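# Architecture and fold: a report
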Amino acid sequence: MADTRADNIRRTRTLTLVSLGPMYLLAMLAWIPAWRDMSLTALVAYAAISLTFAGAIHWGRVLGQFSSSNQFPTQLFGVLVAFLGWAGLVLPKEMGLPMLCAGLTFVWGTEQMLFSDELPDWYQKLRNQLTAGAVLAMLVGWAAVMLPMF
């Protein structure tokens, strides 16, 4: 059983870190003028989906706990995160990317402050890496939007 758990953690870590690849590819393509608009649109969409997924993790976490305690605050948190992702999609890219960076940072910070006792250590370490990597990729894309304005 220990091998299965370790294998699942390793696979989860690999899949999660590989999921940063499209963010970095799109952020780099944003520096090529001919690709800028398409890559930034795709980067914002991918980031919004990633943010929504981060909130949905908490819905999944509480589904088996409905009879043991009030799960409304955690559910509300998951829904608010989805709204942040949606807002990032409808804003202009110049504002959407920093909003999505703030949203991912908000999820990370909330997990650190409120849910750290409930989340496994390996997951918290992975979220640290994923949040830092995703925010950095979005800032690279955002710089490609902002630099031509100066």
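The following paragraphs examine the structure supplied in this document. Fair warning: this is a prediction, and the values are worked out from it, not measured in the lab. Starting from 1, residues in each chain are numbered consecutively following that chain's sequence as written. Local features in this predicted model are restricted to residues whose pLDDT is 70 or higher, and side-chain atom pairs enter the listing and the counts only when it is 80 or higher, whereas totals over whole chains, interfaces and linings include all residues. Hydrogens and waters are ignored; side-chain quantities use all the structure's heavy atoms.

## Considerations on helix α3 (residues 36-62)
To qualify as a helix, a DSSP run of H or I must reach at least 4 residues; to qualify as a strand, a run of E must reach at least 2; elements of each kind are numbered from the N terminus. To estimate how far a helix should extend, the number of its residues minus one is multiplied by 1.5 Å. The terminal C-alpha atoms of α3 lie 40 Å apart, and with 27 residues this matches the ideal 39 Å at 1.5 Å per residue to within 8%. A 1.4 Å probe rolled over the protein chains alone gives each residue an accessible area, and that area as a share of the maximum for its type sets the label: buried under 20%, exposed over 50%, partly exposed in between. Of all the positions in α3, only S39, L40, L43, V44, A47, A48, L51, A54, G55, H58, R61 and V62 are classed as buried. Contacts are residue-level and defined by heavy atoms, with any inter-residue pair within 4.5 Å sufficient. As for α3, its buried residues are in contact with α2 (20-29), α4 (72-90), α5 (93-114) and α6 (121-146).

## As for the nonpolar core
Counting 30 residues, the largest nonpolar core has M23, L43, L97, L100 and M138 as its most contacted members. Breaking this core down by element, the ones donating at least two residues are α2, α3, α4, α5 and α6. Here this core takes nine residues from α6, the largest share from any one element. Residues contacting M23, with those up to four places away along its chain left out, are L43, Y46, A47, S50, A134 and A137. Among the buried residues, those of types Ala, Val, Leu, Ile, Met, Phe, Trp, Tyr and Cys that are joined through side-chain atoms within 4.5 Å form a nonpolar core.

## Digging into the packing of α5 against α6
Between α5 and α6, the shortest axis-to-axis distance is 9 Å and the interhelical angle comes to 165°. Put simply, α5 runs roughly antiparallel to α6. The way α5 lies across α6 gives a crossing that is left-handed. Orientation is described by axes fitted as lines to C-alpha atoms, over the contacting stretch for helices, and by angles from 0 to 180 degrees between their N-to-C directions. Should an angle fall under 35 degrees it is called roughly parallel, over 145 degrees roughly antiparallel, and 65 to 115 degrees roughly perpendicular, with every other angle called oblique. Here a crossing is called left-handed whenever its near helix is offset anticlockwise from the far helix by less than a right angle, and right-handed whenever the offset is clockwise.

## Focus: the side chain of H58
Within the secondary structure layout, H58 lies in helix α3. A relative accessible area of 0% means that H58 is categorised as buried. Leave out the neighbours within four places in its chain, and H58 touches T74, F77, E111, F115 and L119.

## Here's the deal with the pattern of salt bridges
Whenever Lys or Arg places a side-chain nitrogen within 4 Å of a carboxyl oxygen from Asp or Glu, that contact is recorded as a salt bridge. All told, the structure shown has four salt bridges when counted by the stated rule. Across the pair K93 and D37 runs a salt bridge, and its minimum N-O distance is 3.2 Å. Of this pair, K93 sits in helix α5 while D37 is found in helix α3, placing the two residues 56 residues apart along the sequence. What makes D37 exposed here is its relative accessible area of 53%. Between E111 and R127 there is a salt bridge whose closest N-O contact spans 2.9 Å. Here E111, found in helix α5, pairs with R127, found in helix α6; they are 16 residues apart in sequence, far enough to count as distant. Overall, E111 belongs to the buried group, its relative accessible area being 2%.

Coordinates in, geometry out; function isn't part of it.
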